[in-house]
Structure formats: C-alpha cells, structure tokens
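# Survey of secondary and tertiary structure
Chain residues, written in single-letter form:
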Amino acid sequence: MSKVYYDKDGNIDLIKDKVIAIIGYGNQGRSQALNMRDSGVKNIIVGSVHDASWNTANDDGFPVYSIPEAAKKADIIFLLLPDEVAPDIYVRDIAPNLHSGAVLNFSSGYNITYGFIKPAADLDVIMVAPRMIGKGVRETYENGTGFPTFLVVNQDATGHAKEIAIALAKALGSTKAGAIEVTFNDETYLDLMSEQAIWPLIMNVMVTAFNFFEEKGLPAEAILTEMYMSKEPMVMMEKMADVGLFKQLPMHSRTSQYGQMSRFQKVDTTYMRKFIEEQYNSIVSGAFAQEWEHVKADNMKEFNELWEQVDELPISKVEAQVRKNLSGGEEK
C-alpha cells in the first residue's frame, strides 16, 4: 500500500511566504489558487496570455503577469497547462526564467515520464495532482471534506521537496482526504490506462448493447435512459466510491443483486485482459506517446477523423433527439 499523508503531516508555514505562480488559470488553476489563498498562502500570482483567464484571475484578485514574468518571480510554479502545449511553453517561457532551487509542480506525469520536459538539475520537481475535477477541488475544500491527491517527489535538489509537496497538498485541502505517494510513471500509466483501456471497453459495451437492443425493436428513449441518461450509473459509481464495488449491491433489489453477481461469473474476460495488456505495453514502451506526437505533427488529421467516425455512430445520432424528448421537448 502507498504512503498516505494527512493534515497532521503538512506544515503550511513552509510555503505561506513563497511566491507561487499558477500557469494555466482554468478550472483546476482557479480552484487551486483560491483554496491556497483561503489556507493563508499570501503571494499567489498568475502567469497567462491576454485571454479570458487573465481577466478571471484579475477579477479574483490575483496579480497577473506574462508567463515569463511569472516564472521569473516564482519560488514555486504550478504547471497546469495541457500536456500537448506544455513542453513548448516550458522551453520558451519558463525554463530560462527559473532561479536555482525553484520548485516545479506538475499536475500530470506525462511530459516527465516521456521526457518531453527535462527540468534542470538544480530544481525541485514534484507533483501534487488532485484526483478531482476543478469544481470538486473547490467545493470539497469549502465543505471541509477534501479530495484525494497523487503526491510525487521526482527530483529533490534542495532537500526540502517532500515537505514542500505535502505543505502544498495541505494548502489545497487534499490532506483532509489523503495525499497518496506515487511516482510520475504511476500517475501517467494509470491515467492513460483509464483513457485507453477502461473507458474504451465501457464505451464498446454501451454501443454494442444499444445496437443489439435497437435490432430487437426496443425504443431509443428507453434504451438510453436505462443505460446512462437517467444518471443512475453515476449514482452507482458514487456509491462504489463510498462503500465498494460490490458492497453497494445491497442498495439494489435482490433480483438485481443476484443477476449482477451470477452473470459477473459468466463473463469471459480473456479478450478484455488481452486488450488491457496491449494498451499497457504500448503506454509503458512509449509507443502511444510517439503515436500521439505523429498525430499532432500531421495537423490532427487522424484525431479529427476519429471524431467524424464516432459522430456517425447510431447511438450518437439519436442522443440529441432522445435528450429533447426527455426534457419537455426543448433542445439542450
């Protein structure tokens, strides 16, 4: 089991007077900045281009600078940019302006795992990555429950990187729930596996079931409502998080419980295991990262083609009409 850090393990005084620069003032950046300010961190600045996020940060009361200026002022820099744009911005605007002993805090392991960003040896390199959407980061801070976070120390140039990382996790509000110590690779592999193995399998189950039910003459409204549009699966997954994958079953009828447990035993998982292993090997070897680089270099042609393909699926075509039919006849 991983080491987990809680409120008692962190000391916010270590970072209260540090200049913390948020690079990427989106949903996560805004929530994290507001949480830290409410925890008593005094010197939070934002590095941005002149867009809506610049205005939002200003309206929230944070000093806003260009990204190079913010990097130059920062003792701790939160790199909250999308993985695909972060390397170029880091090389051009951030790396030349960092002082020795500065702390680089990543929100994703991707660019470190695959070497697209190579921090200098005199920097602390950490990751305090909430396992929660930005809205939830703020809401769980305000209601006092907190949220889980992945915590990593990848490079400890100053000898204080871990204390800083735990202090940041506490200031964000995550140590109320628990900051889980992992590695950059752990975060990268698990994140990509969710995206490339777990959800593609779930999506295929939904699409295959929809096509089958339609062939049997069942109405689209009923099919999609039963599968996910009622949001019952969302409630089920919330209960899985609260009590356990199978322990939430008593919240269903006994007919449902028996059906789920007995048929769980009948599924041949051979193909699923093979598919999961193939994706894992592609991720760990770096083959996926190189594939994605080629797609980006080709002006996102294949990416756009994939969107065209999924938009043409029967389930995609009927969703809008079903939503209209289930919302008083009004488009949403």
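Everything here concerns the structure above.
The sections below set out a description of the structure shown in this document. What you see as residue numbers is a count from 1 along each chain, following the sequence as written. Note on the predicted model: pLDDT of at least 70 is required for a residue's local features to be given, and 80 or more for side-chain atom pairs to be given and counted; whole-chain, interface and lining totals, by contrast, use all residues. The side-chain figures draw on all heavy atoms in the structure; neither hydrogens nor water molecules are used.

### Concerning the sheet that holds strand S9 (residues 179-181)
- Note on pairing: two strands pair once DSSP finds at least 2 bridges between them. Strands are runs of DSSP state E lasting at least 2 residues, helices are runs of H or I lasting at least 4, and numbering of each runs from the N terminus. Pairing is mixed across the open sheet formed by 9 strands, whose spatial order is S1-S9-S8-S7-S6-S5-S2-S3-S4. Each of the sheet's edge strands pairs with one partner strand only, and the pair in question is strand S1 (4-5) and strand S4 (64-65).
- Relative to strand S5 (residues 76-79), strand S2 (residues 19-23) is paired through 4 bridges, and the arrangement is parallel. Its bridge partner lying in S5, Ile22 is registered against Phe78.

### Details of a nonpolar patch on the surface
- A cluster of nonpolar residues, Ile198, Trp199, Ile202, Met203 and Met237, forms a patch on the protein surface that exposes about 480 Å² of accessible area.
- A total of 4 residues in the nonpolar patch trace back to one element, the largest contributor, which is helix H8 (residues 184-215).
- Looking at the element boundaries, Met203 is found in helix H8.
- Overall, the relative accessible area of 53% leaves Met203 in the exposed class. In this analysis, a patch consists of residues with relative accessible area above 30% that form no salt bridge, clustered at 9 Å for like charges and at 5 Å for the nonpolar side chains Val, Leu, Ile, Met, Phe, Trp and Tyr. Only the protein chains shown count as cover for residues, and all accessible areas are computed by the Shrake-Rupley method using a 1.4 Å probe. A pair is scored as a salt bridge if a Lys or Arg side-chain nitrogen falls within 4 Å of a carboxyl oxygen belonging to Asp or Glu. Per-residue accessibility, obtained with a 1.4 Å probe over protein chains only, is compared with the maximum for each type, and a residue is labelled buried under 20%, exposed over 50%, and partly exposed between these values.

### Points about unusual backbone geometry
- Positive phi is not limited to glycine here, since Asn299 has a value of about 60°.
- By the element assignment, Asn299 lies in the loop between helix H13 (287-297) and helix H14 (301-311).
- For Asn299, a relative accessible area of 67% corresponds to the exposed category.

### Considerations on the environment of Gly173
- Looking at the element boundaries, Gly173 is found in the loop between helix H7 (161-172) and S9.
- Classification of Gly173 by relative accessible area gives buried; the value is 4%.
- The spatial distance from the C-alpha of Gly173 to the C-alpha of Glu302 is 40 Å, given a sequence separation of 129 residues.
- Contact criterion: two residues are considered in contact whenever any of their non-hydrogen atoms come within 4.5 Å of each other. Excluding its chain neighbours within four sequence positions, the residues that come into contact with Gly173 are Tyr141, Gly146 and Phe147.

### Things to note about the packing of helix H1 (residues 27-38) against H7
- Orientation is described by lines fitted to C-alpha atoms, with helices fitted over the stretch in contact, and by angles between N-to-C directions that extend from 0 to 180 degrees. Orientation of H1 relative to H7, taken along the N-to-C sense of each, is 95°, at an axis distance of 7 Å. One finds that H1 runs roughly perpendicular with respect to H7. Taking contact as the criterion, the partners of Gln32, Asn35 and Met36 in H1 are, on H7, Leu168, Ala171 and Leu172.
- Partitioned by chemical class, the residues of the contact of H1 with H7 number 4 nonpolar, 2 polar and no charged. For classification purposes, angles smaller than 35 degrees are called roughly parallel, those larger than 145 roughly antiparallel, those between 65 and 115 roughly perpendicular, and all remaining angles oblique. Amino acid classes used here: Ala, Val, Leu, Ile, Met, Phe, Trp, Tyr, Cys and Pro are nonpolar; Asp, Glu, Lys and Arg are charged; the rest, including Gly, are polar.

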